[in-house]
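Spelled out from the first residue to the last, the chains are:
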Amino acid sequence: MAKDKITIKTEVVNGKCPTCDQFTMMVNIDVVFFRCMSCGSDLEQHINGKISYLPHITKPTDADAFVKEWKNG
């Protein structure tokens, strides 16, 4: 019987967390998502001339819109 092998590849980087404002280690949890080791917030990595980490915000399925739409008239 063949055993399936599972390989886990992770990346640990140093950076400044915009949530807790500390220089800390960040662990890769997905292709572009990192988790701050100080405060635990999930960050999305953006590469546009420099590497920056921005908070990752998701909208729950049962929540209202973040911004109310303005209607003219």
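Engineer: What exactly am I supposed to notice about the sheet that holds strand β2 (residues 23-28) here?
Structural biologist: The strands making up a sheet associate through hydrogen bonds between their backbones, and the pairing can be parallel or antiparallel. Ordered by their spatial adjacency, 5 strands build an open sheet running β1-β2-β3-β4-β5, and the pairing between neighbours is antiparallel. Where the open sheet ends on each side, the last strands, each with one partner, are β1 (12-16) and β5 (51-55). Strand-to-strand twist of the sheet, defined as the mean angle between neighbouring strand axes without regard to direction, takes the value 40 degrees. In this sheet, strand β3 (residues 33-36) lies alongside β2 in antiparallel orientation, the contact comprising 3 bridges.

Engineer: For this particular structure, what's the right way to read unusual backbone geometry?
Structural biologist: For residues that are not glycine, phi is negative in most cases, and the peptide bond is trans in most cases. One non-glycine residue, Asp 21, lies in the positive phi region at around 60 degrees. Since its relative accessible area comes to 52%, Asp 21 is described here as exposed.

Engineer: Got a minute to help me understand the pairing of β3 in this structure?
Structural biologist: Connecting β2 to the next strand, β3, in antiparallel fashion are 4 residues. The hairpin formed by β3 and strand β4 (residues 42-47) contains 5 residues between the paired strands, and Gly 40 there has a positive phi angle of roughly 85 degrees.

Engineer: Just checking my understanding: could you explain the pattern of salt bridges for this structure?
Structural biologist: When the charged atoms of two side chains lie near each other, side chains of opposite charge can form a pair. Under the criterion given, the structure shown has 2 salt bridges. Between Asp 21 and Lys 16 there is a salt bridge whose closest N-O contact spans 3.3 Å. Ionic pairing is found between Asp 42 and Arg 35, a salt bridge with its closest N-O pair at 2.7 Å. What makes Arg 35 partly exposed here is its relative accessible area of 36%.

Engineer: Teacher, can you tell me more about a nonpolar patch on the surface here?
Structural biologist: Where nonpolar side chains cluster on the molecular surface, the patch consists of Val 12, Met 25 and Met 37 and spans about 300 Å² of accessible area. Look at Met 37 and you get partly exposed, because its relative accessible area is 49%.

Engineer: Would you mind showing me how to read the pairing of β1 here?
Structural biologist: For a regular strand, side chains alternate in direction, first toward one face of the sheet and then toward the other. Of the two faces of β1, only one is covered, namely that formed by Val 13 and Gly 15; the face formed by Val 12, Asn 14 and Lys 16 stays uncovered. In this sheet, β2 lies alongside β1 in antiparallel orientation, the contact comprising 5 bridges. Within β2, the residue paired with Gly 15 across the bridge is Thr 24. Counted along the chain from β1 to the antiparallel partner β2, the turn is 6 residues long, and its residue Asp 21 has a positive phi close to 60 degrees.

Engineer: In this structure, what is going on with the nonpolar core? I would like to understand it.
Structural biologist: In summary, soluble globular proteins display a tendency toward joint burial of nonpolar side chains. Membership of the largest hydrophobic core is limited to 7 residues, which are Val 13, Cys 17, Met 26, Phe 34, Cys 36, Leu 43 and Tyr 53. Those residues in contact with Cys 17, other than ones at most four positions away along the chain, are Gln 22, Thr 24, Met 26, Cys 36, Cys 39, Ser 41 and Leu 43.

What counts as what
- Residues numbered from 1 in each chain as written.
- Predicted model: local features only at pLDDT ≥ 70, side-chain atom pairs only at ≥ 80, totals over all residues.
- Heavy atoms only, no water.
- Pairing = 2+ DSSP bridges.
- Helix = DSSP H or I, 4+ residues; strand = E, 2+ residues; numbered from the N terminus.
- Axes fitted to C-alpha atoms, helices over the stretch in contact; angles between N-to-C directions.
- Buried < 20%, exposed > 50% of the residue type's maximum accessible area, 1.4 Å probe, protein only.
- Salt bridge = Lys/Arg side-chain N within 4 Å of Asp/Glu carboxyl O.
- Patch = residues over 30% accessible without salt bridge, like charges linked within 9 Å, V, L, I, M, F, W, Y side chains within 5 Å.
- Areas by Shrake-Rupley, 256 points an atom, 1.4 Å probe, with all protein chains shown as cover.
- Core = buried A, V, L, I, M, F, W, Y, C linked by side-chain atoms within 4.5 Å.
- Contact = heavy atoms within 4.5 Å.

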